[in-house]
Amino acid sequence: MGAKSKVNKKNETFQEEEEEKEEEDMWKRMPDSGENAREHVQQLQRLQEKDPEFYQFLKEHDKELLEFNDEDLDDDVETAMDDEIEEDGESDAHDVEHLAAPAEKEAKYSKSVITSAMVDSWCNAVQEHAKVGTVRSLMKAFRTACHYGDDGEDESSAKLSMLSSSVFNKIMLFVLSEMDGILRALVKLPPSGGKKETITDLMNTKQWKNYSHLVKAYLGNALHVLNQMTDTDMISFTIRRLRYSSIFLAAFPSLLRRYIKVVLHFWGTGGGALPVVSFLFIRDLCIRLGSDCFDECLKGLYKAYVLNCQFVNATKLQHIQFLGNCVTEVIGVDLPAAYQHAFVFIRQLAMILREALTMKTKEAFRKVYEWKYMNCLDIWTGAICAYSSEEDFKPLAYPLTQIISGVARLVPTARYFPLRLRCVRMLNRIAASNGMFIPVSLLLLDMLEMKELNRPPTGGVGKAVDLRTILKVSKTTLKTRAFQEACVFSVVEELAEHLAQWSYSVAFFELSFIPAVRLRNFCKSTKVERFRREMRQLILQIEANADFTNKKRMSVSFLPNDLAATSFLEEEKKSGASPLSQYVATLHQRAQQRHDSLMESSVIVGANSSVFGSKIPENEDDDTRNEEGIAAFSTSWLPGSNSTNKHPKVEEKRKKKKKKEKEPREEAALDEDVVEDLILSSDEDEDEDEDEDEDEDEEEETPRPRPNVKSELLSQKLKSKKRKPSAESTQNKARSHSKKSKKRKKSN
């Protein structure tokens, strides 16, 4: 048995060498065959002139000989597979020679329509034998499908054409599903995985020189059709299949840059499962291709995140959180390289804050008090908290803490309470993850001492306020009961969260003394009974926790500066036995209930969830893969086709866009949070300025519509037209006029 297997292997290698020699000899003979063909045509022309009778005999009995044309050979030499890739200017003469392979028996199909039977025969032949000629034929059909309907495509020069959407779907489904394995077998790569080093070693081999043009054609044509697609499911399936071939992009830097650009666009703007699929593609590139690709991907992710977080509302909040989680995930791929970028980006934020502190102008404050700046702080807070145990990211915690504290104190007015609470949450997260003490209680207690929270509300009950989706409130909202309750409850939650982090410290009594005194002062000064109840309950929990730690520290013998103090109440901390920890758990439940009542509907980003936790499995079954592909490529869509052939979902989106264009468009709320007044007190006491500020706030809170010429003209016409007086109004005027005239006569 061993001898037979060795003989079989020798025969297989011998057959492969013979096929390669035949291909090389065929390429060498190609110019000679072209010259012979031209000479043969000239001979037939001379024969027609010298011996017309014999020429007529050949015409009756051997038509094929007389109808011989050298255009077939010329067409076979030309290539159409690498037009899209050659735009980068990097394809060399070696790729062009390989793409110009003769079609041999497939010359019958040149300048013909691709049918379903032809595609089935090619697919079966590739699966059974995997011959190079059949793979080339299939790749030509794939290029024809990807470039169908292009404006610059000359149909007369194309050898293959396609008219049916079913043929397009069949070609795309088979090539995207099977071509990765076929190409890996040709270049002798493992069935899956791989690193950049494997590609660099492979580029020096004979297999790569022979078949690299097929890899480049597959990736280039797939990228071309990816830019033409409009259906989300189709794009998701295409990117999911191309992810397995992403290792080949290490050999084509220009294609790699274009893929990163396209996939980043889908990640930031796509819907459904498309953002998750696009992110997995980017993450695989960072893992497999190393630092060269990582720098470009991280910069692109951060830029796309900033572009998508310029405005925040309840429906967009979860999507922004998903994008932030993706950036944090990519940072963990290469922490030393990510530290360099994080340092630069955090330094930019510090420079913007320094400019606001020194210049003190509206433009400088506007750059800080906007969603783009706050979301950038939030994303780096999440990154530092996620990798707090890593030595690379620990040095960034201190400068980021200083920036957040400076932003919170920049304009200490009651109208910016939501922004200050957002900063406090970020500081609490950093303190909890790094185990460092941050004086958060001062920011919260200063809020309680402002007069807006100490006097009864004069603006009525008001609407429920979601402090997570706003940075600034109007003066009418500031005087409502709903805003006061939201602020006081948030202060209690964040202050309890801060003190609970140190509820197991040996110095808890000293840390909580000043906050407890100031909370008692608030209970005395406030005139709202329910606020007193909240503060009294928090004070009771602080006192109970102080007694809890004092009883334990009465029995210890170490000093506060000893290392043994770190192990104080370690077992109780693991079980969460302190009174403040239990109280914070109940506050979290109450906050979640309040949040659920504000959110009328949940926003889902991705296939299952908006949070990056529902990852697509790395190894997919063939059955599920085929089902997804059949579902995606089951429409009548073709590249470059009219809107009538598009997917019905795309049609609905197009109609909705047209309706939105007719209505006033919403501007990006870049100027949403403009700082008008920089006084340290909460509000002005003058009533004249309040009306103007309220109007400005209403304009800031609601997105400003873009000017519509038609609507302005209509409004002007309506204003210019005087209302016609009704019959009743004219009669009333006449009666009043007659009464006045009678009174005048009597007086006279």
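Note: the structure precedes this text.
Residues numbered from 1 in each chain as written. Predicted model: local features only at pLDDT ≥ 70, side-chain atom pairs only at ≥ 80, totals over all residues. Heavy atoms only, no water.

> Report on unusual backbone geometry, specifying residues and quantitative values.
Phi is positive for K188, close to 60°, though the residue is something other than glycine. By secondary structure assignment, the location of K188 is in the loop between α8 (165-186) and α9 (196-202). Take K188: its relative accessible area is 58%, and that puts it in the exposed class. Look at K360: it is not a glycine, yet its phi comes out positive at around 55°. Inspection of the secondary structure assignment puts K360 in the loop between α16 (335-359) and α17 (362-368). (Helix = DSSP H or I, 4+ residues; strand = E, 2+ residues; numbered from the N terminus. Buried < 20%, exposed > 50% of the residue type's maximum accessible area, 1.4 Å probe, protein only.)

> Tell me about the packing of helix α14 (residues 291-308) against helix α15 (residues 317-331), and please be specific about residues and values.
Across the interface, α14 lies against α15 with an axial gap of 10 Å and an inter-helix angle of 165°. It follows from the interaxial angle that α14 and α15 lie roughly antiparallel. The element α14 and its partner α15 pack so that their crossing is left-handed. For the pair formed by α14 and α15, the contact residues are F294, L298, L301, Y305 and N308 on the first element and I320, L323, G324, V327, V330 and I331 on the second. Considering only residue class, the contact of α14 with α15 consists of nine nonpolar, two polar and no charged. (Axes fitted to C-alpha atoms, helices over the stretch in contact; angles between N-to-C directions. Parallel < 35°, antiparallel > 145°, perpendicular 65-115°, else oblique. Left-handed = near helix turned anticlockwise from the far one by under 90°. Contact = heavy atoms within 4.5 Å. Nonpolar A, V, L, I, M, F, W, Y, C, P; charged D, E, K, R; others polar.)

> Account for the pattern of salt bridges, naming residues and giving values.
Enumeration according to the criterion identifies 19 salt bridges in this entry. Between R429 and D378 there is a salt bridge whose closest N-O contact spans 3.0 Å. Of this pair, R429 sits in helix α20 (residues 417-434) while D378 is found in helix α18 (residues 371-386), placing the two residues 51 residues apart along the sequence. On the basis of relative accessibility, which here comes to 23%, the residue D378 falls in the partly exposed class. Residue E510 pairs with R553 through a salt bridge whose shortest N-O separation is 3.2 Å. (Salt bridge = Lys/Arg side-chain N within 4 Å of Asp/Glu carboxyl O.)

> Describe the environment of A250, and please don't skip the residues or the numbers.
Along the chain, the position of A250 falls in the loop between α11 (232-242) and α12 (253-269). Overall, A250 belongs to the partly exposed group, its relative accessible area being 24%. Residues A250 and G290 lie 40 residues apart in sequence; the distance between their C-alpha atoms is 9.7 Å. If we skip the residues at most four places from it in the chain, A250 touches K196, I199 and L289.

> A description of the nonpolar core should follow, citing residues and the corresponding values.
Judged by nonpolar contacts, the single largest core of 175 residues is most densely connected at Y218, W267, I331, L377, W380, F393 and V407. Considering each element in turn, this core owes the most residues, twelve residues, to α8. Sequence-distant contacts of W267, defined by excluding residues within four places in its chain, comprise P275, S278, F279, L301, A304, Y305, F322, L323, C326 and V327. Listed in part, the five residues of the second largest apolar core include Y504, V506, F568 and L569. (Core = buried A, V, L, I, M, F, W, Y, C linked by side-chain atoms within 4.5 Å.)

> Which residues make up the packing of α18 against helix α19 (residues 397-408), and what are the values?
A packed helix pair is summarised by two numbers, namely the angle formed by the two axes and the spacing between the axes. In the contact formed by α18 and α19, the axes pass within 11 Å of each other and the chain directions differ by 150°. Here α18 and α19 pass one another in a crossing that is left-handed. Along its contact with α18, which presents Y373, M374, L377, W380, T381 and I384, the element α19 presents A397, L400, I403, I404 and V407. A class-by-class count of the residues in the contact of α18 with α19 yields ten nonpolar, one polar and no charged.

> I'd like a description of the packing of aromatic side chains, backed by residues and values.
A complete count under the given rule lists 13 aromatic pairs for this structure. Ring centres of Y259 and F281 lie 6.0 Å apart, and the angle between their planes is 25°; on these two criteria the pair is classed as stacked. Placement of the pair is Y259 in helix α12 and F281 in helix α13 (residues 274-289), with a sequence separation of 22 residues. For Y259, a relative accessible area of 1% gives the class buried. Taken together, the ring pairs connect W208, F248 and F252 into an aromatic cluster. Lying across the ring of F531, R530 places its NZ or CZ 5.2 Å from the centre. The aromatic ring of F489 is capped on one face by R590, whose charged end is 4.8 Å from the ring centroid. (Phe/Tyr/Trp six-rings, centres within 6.5 Å; stacked < 30°, edge-to-face > 60°. Lys NZ or Arg CZ within 6 Å of the ring centre and 35° of its normal.)

> Explain α15 to me, and be specific about the residues and the numbers.
In this model α15 runs 21 Å from its N-terminal to its C-terminal C-alpha over 15 residues, within 8% of the 21 Å that 1.5 Å per residue would give. The buried fraction of α15 is high, at eleven of 15 residues. Here α15 has its buried residues at L317, H319, I320, F322, L323, G324, C326, V327, T328, V330 and I331. Where α15 is buried, its residues contact α12, α13, α14, α16 and α18. (Expected span 1.5 Å × (residues − 1).)

> Mind laying out α13, listing which residues take part and the relevant values?
Residue pairs three or four apart in sequence face the same way in an α-helix, which turns once every 3.6 residues. Taking 1.5 Å of rise per residue, the 16 residues of α13 would be expected to cover 22 Å, and the 22 Å separating its terminal C-alpha atoms lies within 8% of that figure. With respect to burial, α13 is a largely interior element, 15 of its 16 residues being buried. At the exit of α13 stands G290, carrying a positive phi of roughly 85°.

> Can you lay out a nonpolar patch on the surface for me, pointing to particular residues and giving the numbers?
On the surface, a cluster of nonpolar side chains totalling about 360 Å² of accessible area is made up of F509, F513, I514 and V517. Mapping F513 onto the fold places it in helix α24 (residues 508-525). (Patch = residues over 30% accessible without salt bridge, like charges linked within 9 Å, V, L, I, M, F, W, Y side chains within 5 Å. Areas by Shrake-Rupley, 256 points an atom, 1.4 Å probe, with all protein chains shown as cover.)

> With reference to specific residues and values, describe the side chain of S505.
Locating S505 in the fold gives a position in the loop between α23 (481-501) and α24. Here the side chain of S505 touches A507 through a polar contact of 3.2 Å, landing on its backbone nitrogen. Excluding residues that lie within four positions of it along the chain, S505 makes contacts with T549 and F568. (Polar contact = N/O pair within 3.5 Å; in protein donor to acceptor, adjacent residues only side chain to side chain.)

> Describe the environment of T315, with residues and values.
As for its position among the elements, T315 is in the loop between α14 and α15. With relative accessibility at 53%, the residue T315 sits in the exposed group. Measuring from C-alpha to C-alpha, the distance between T315 and T469 comes to 9.6 Å, with 154 residues separating the pair along the chain. There is a polar contact of 3.0 Å between the side chain of T315 and the side chain of N313.

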